[in-house]
Amino acid sequence: MNRLTGIACLALFFLPNLQAEQPRISPQGRTFFETKIRPVLIKNCYECHTPEAKKLGGRLLLDTRAGVLKGGESGPAVVAGKPEESLLIQALRWEHDLEMPPENPLPETVIHDFVEWIKMGAPDPRTGKTQEVAGKSYEEGALWAYEPVKNPAVPKAEGELADWPRDSIDQFVLRRMTELDLKPAEDAPPEMLIRRLFFDLIGLPPDREQVKNFVADFQKNGQAAVGKIVDELLASPQFGERWGRHWLDVARYAESNGNDGLSRNPTFPHAWRYRDYVITAFNSDTPYDRFLTEQIAGDLLPAESDAERDKHLVATGFLALGAKPAKAMNNNFDMDVVADQIDVIGTGVMGISVACARCHNHKFDPIPTRDYYALAGIFISTETMWGPAANEKLTAPPTDLHVLKAAPNVKPPEGWKETVLVLESNTGKPKAIPKSKWAPGTPLAMGVRDKKKVADAKINQKGDAKKLGEAVPRGFVSACKTEVDIAVNPSQSGRLELAKWLTSGDHPQTGRVMANRVWLHLFGRGIVGTVNDFGVYGERPTHPELLDHLATRFVTENGWSVKKQIRDIVLSRTYQLSSIAPEGAIAADPENLWLARHTRRRLDAESIRDSVLKVSGQLDLTPADGSIIRHRDILINLAGSSLHEPSNHRSVYLCYLRNSPPPELSAFDLPPFTKPTGKRETSTLPGHSLFLYNSPFIIEQAGHFGKAVIAENEDEKERVRVAFHRALNREPSEEEMYRAIEFLEAVRAELNSEEKAWAGLCQGLLTANEFRYVD
């Protein structure tokens, strides 16, 4: 058989074995299609197989079920229920000279999803009904995220589980479970629940006494005990460090620029002030609408004191932190900076990829290029202030910084001179020179401010800043409707109006996106799985009514309070379910989309490191003072990893340099911090244990851990219990006790060292899978 072209391969998608009429689709089938199949079709097929395609590949339409049923030129590809007989699967596997897609095969996990889909009978809920928006046709329901948030009626639980719900959240979840003939797991035992609450709310494990007290209180007072411990955790200063770190991922926070394309990576010595602002905002429960407004337009807000003014200026660092491409030979540099700012607003706040409309109308979402440049006008009217950028003008031209008035002057060490590191032109070697523009110690901050002259942006044809089209009045995304029209102040950039538009109570995305982010960090998966993409390209919500209920609750009932939203969720019965469930229940819903149990999750990099420090007794809970690079305007690529220094502070205070992350965290899926990150990858690799086994940090902390255990009790079995409680929050089993004693005796005999024996046992606990997971 001849090798098929990409178009011909896609034309194989013909389903003659299915009935022409719309069959009844089970909730499982619908969710599987929406989360596993539709996104792949959109990403890999729609460009050539929709009515908007420049050339319709193989005369085949794949954007509706009717188009799939009609088929194309190449004949049948799917035998419903029989994937091994389906030509489509052969093509996806690149078998028998069939290659689809032709450039690169899809990942095995994706191909497996298509196999499972065909086994299910290839359910396809697309009805063919369309709606017109911005001159394009969309399948009915595809633009759900652009529709106004509704406040749905709370379903009523009936039958044997009528008394199961504790909260309206439970009512929505239970209805979906019963539709699928699923039953909720047992409630989590208090020992499991307190560990979950501690990690989810403050990113640290409880100690033995805290577990003991909570279990006793829970046995006596039930849910009142849960409410009490939740309130204590929400009031803890560690809450802001945990939840602030989540937002810093969205804000693409980093303390250096990253590789600019010319292998240059200048530091951002003042970025840490934005980090501290975020932590403080979460601890003080700054309402989310105010939080966004300060970050987008803080410099335009009134202030009653110098301290408040400083806070507002620091907050605008949100728009200045982005990675910049090299300025050298780049006519688009200024517009590249604008693109980063539009992207952090689009994906970070609205959950839609507005930045994809820079060169042409958005391929999938109703975002015309004019809307992109309406937003661009706001940011070209804004001066972005990142500082000297190591005085390396090939990377980025130096800019001013905000000068703070109330912040204390920053002294480090006696005889220290602030320097920048540059390359000597004649030798190419690094050379330190004094930094002279500002007096050392002067408190400075990254951020933005309005330009003296504001203007509308002209369309950059095909994204080229040298090929200008018509000017577009400053404004917002036209498909996102709010009840009140907000016009840009012609004498300002428009950032203040942008913030007002985003935080208007009826904005279709802002509340939904943040409610979904909160849910993600408490359950491990968002109600919308693609947390940064609520558009046509992203996944549909598994519980759409619950999402709107949570968004309404967040904005209206809770007044944009993140703490209240978290409290409501963790006090629900859904959140407090056990992660242990019957095998049949797990097989019926392996990804736990329907929430009949809690999902066991691997800790993120910061929580692993912080837990090691707490268990070893070395964790310093005081906030770190500034940053180790706050006096260093240098190129990271010249300084290398030597900039990182040992620290016992929480991981959020480590130096997050692009292309040079903290070494203790690097193995555990840190994002590159060049784009807004809504959900980190969570790989489970055998190399993780090897990394921890060989890590100098783990070896050192295991030594401290062992000494602490030795000092706590003289009885060997009690010491083992202490070690298990510190590391795993539980008693050792009889077999674990036997093996631990056996291990200690063997090491003592070989090394003749009590401390080394206990350090070895403690290192084993720190490298155990159980230590890195929370149920």
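Keep in mind that what you see is a predicted model, and the values were worked out from it rather than measured.

Caption draft 1: Up close: unusual backbone geometry. Backbone geometry at Asn 659 places phi at a positive 70°, although glycine is not the residue there. Position of Asn 659 among the secondary structure elements: in the loop between α22 (636-639) and α23 (686-694). Of the residues examined, Asn 659 reaches a relative accessible area of 60% and is grouped as exposed. In this structure, Asn 729 takes a positive phi of about 60° despite not being glycine. Along the chain, Asn 729 falls in the loop between α25 (716-728) and α26 (734-751).

Caption draft 2: Structural context of the confidence of the model for the chain. Summary statistics for the chain give a mean pLDDT of 89 and a share of 92% for residues scoring 70 or more. Between residues 1-20, whose pLDDT stays under 50, and residues either more than four places distant or in other chains, the model counts 69 contacts.

Caption draft 3: Inspection of the pattern of salt bridges at higher detail. Summed over the entire model, instances satisfying the criterion amount to 55 salt bridges. The closest approach of N and O atoms between Arg 175 and Glu 545, which form a salt bridge, is 2.1 Å. Looking at Arg 175, the relative accessible area reads 31%, which means it is partly exposed. For Arg 730, the salt bridge is made with Glu 736, and the minimal N-O distance between the two is 2.8 Å. You can call Glu 736 partly exposed: its relative accessible area is 25%. Overlapping salt bridges, with partners in common, bring together Glu 241, Arg 609, Asp 610, Arg 650 and Glu 664 in one network.

Caption draft 4: Here's a closer look at α26. Along its 18 residues, α26 runs 26 Å from first to last C-alpha, staying within 8% of the 26 Å computed at 1.5 Å per residue. Met 737, Ala 740, Ile 741, Leu 744 and Val 747 are the residues of α26 that are buried. Within α26, the buried residues cover an arc of 130° as seen down the axis, which keeps them to one side. The outward face of α26, more than 90 degrees from its buried face, is lined by the exposed residues Glu 734, Tyr 738, Arg 739, Ala 749 and Glu 750. Asn 752 occupies a position one or two residues after α26 and carries a positive phi of about 55°.

Caption draft 5: The domain arrangement of the chain, seen in detail. For the chain, the domain assignment lists domain 1 (2-130), domain 2 (170-188 + 509-588), domain 3 (252-411 + 422-502) and domain 4 (692-774). Contacts between the two partners involve 9 residues from domain 1, matched on the other side by 9 residues from domain 2. For the domain 1 face of the interface with domain 2, the top three residues by lost area are Pro 27, Thr 35 and Ile 42, together amounting to 42%. Counting every contact that joins domain 1 to domain 2 gives 1 salt bridge. Here Glu 34 makes a salt bridge to Arg 540, at a shortest N to O gap of 3.8 Å. Applying the counting criterion to the domain 1 and domain 2 interface returns 0 residue pairs in polar contact (both at pLDDT 80 or more). Split into classes, the residues belonging to the side of domain 1 that touches domain 2 amount to 3 nonpolar, 3 polar and 3 charged.

Caption draft 6: Up close: the packing of aromatic side chains. All chains considered together, the criterion is met by 23 aromatic pairs. Between Tyr 288 and Phe 291, the aromatic rings sit 6.4 Å apart at their centres with planes inclined by 40°, giving tilted as the arrangement. Taken together, the positions of Tyr 288 and Phe 291, both in helix α12 (residues 288-297) and 3 residues apart, correspond to about one turn of that helix. Taken together, a centroid distance of 6.1 Å and an interplanar angle of 20° make the contact between Phe 364 and Tyr 537 stacked. Among the aromatic side chains, those forming a connected cluster through ring pairs are Trp 247, Tyr 274, Tyr 277, Phe 282, Tyr 288, Phe 291, Phe 318, Phe 554 and Trp 560. Sitting above the plane of the Tyr 575 ring, Arg 196 keeps its charged end 5.7 Å from the centroid. Note that Arg 630 overlies the ring of Trp 272, its terminal NZ or CZ placed 5.8 Å from the centroid.

Rules of the game
- Residues numbered from 1 in each chain as written.
- Predicted model: local features only at pLDDT ≥ 70, side-chain atom pairs only at ≥ 80, totals over all residues.
- Heavy atoms only, no water.
- Helix = DSSP H or I, 4+ residues; strand = E, 2+ residues; numbered from the N terminus.
- Buried < 20%, exposed > 50% of the residue type's maximum accessible area, 1.4 Å probe, protein only.
- pLDDT = per-residue confidence, 0-100.
- Contact = heavy atoms within 4.5 Å.
- Salt bridge = Lys/Arg side-chain N within 4 Å of Asp/Glu carboxyl O.
- Expected span 1.5 Å × (residues − 1).
- Arc of directions from axis to C-beta.
- Domains from an automatic or database assignment.
- Buried area = accessible area lost by both parts, 1.4 Å probe.
- Polar contact = N/O pair within 3.5 Å; in protein donor to acceptor, adjacent residues only side chain to side chain.
- Nonpolar A, V, L, I, M, F, W, Y, C, P; charged D, E, K, R; others polar.
- Phe/Tyr/Trp six-rings, centres within 6.5 Å; stacked < 30°, edge-to-face > 60°.
- Lys NZ or Arg CZ within 6 Å of the ring centre and 35° of its normal.

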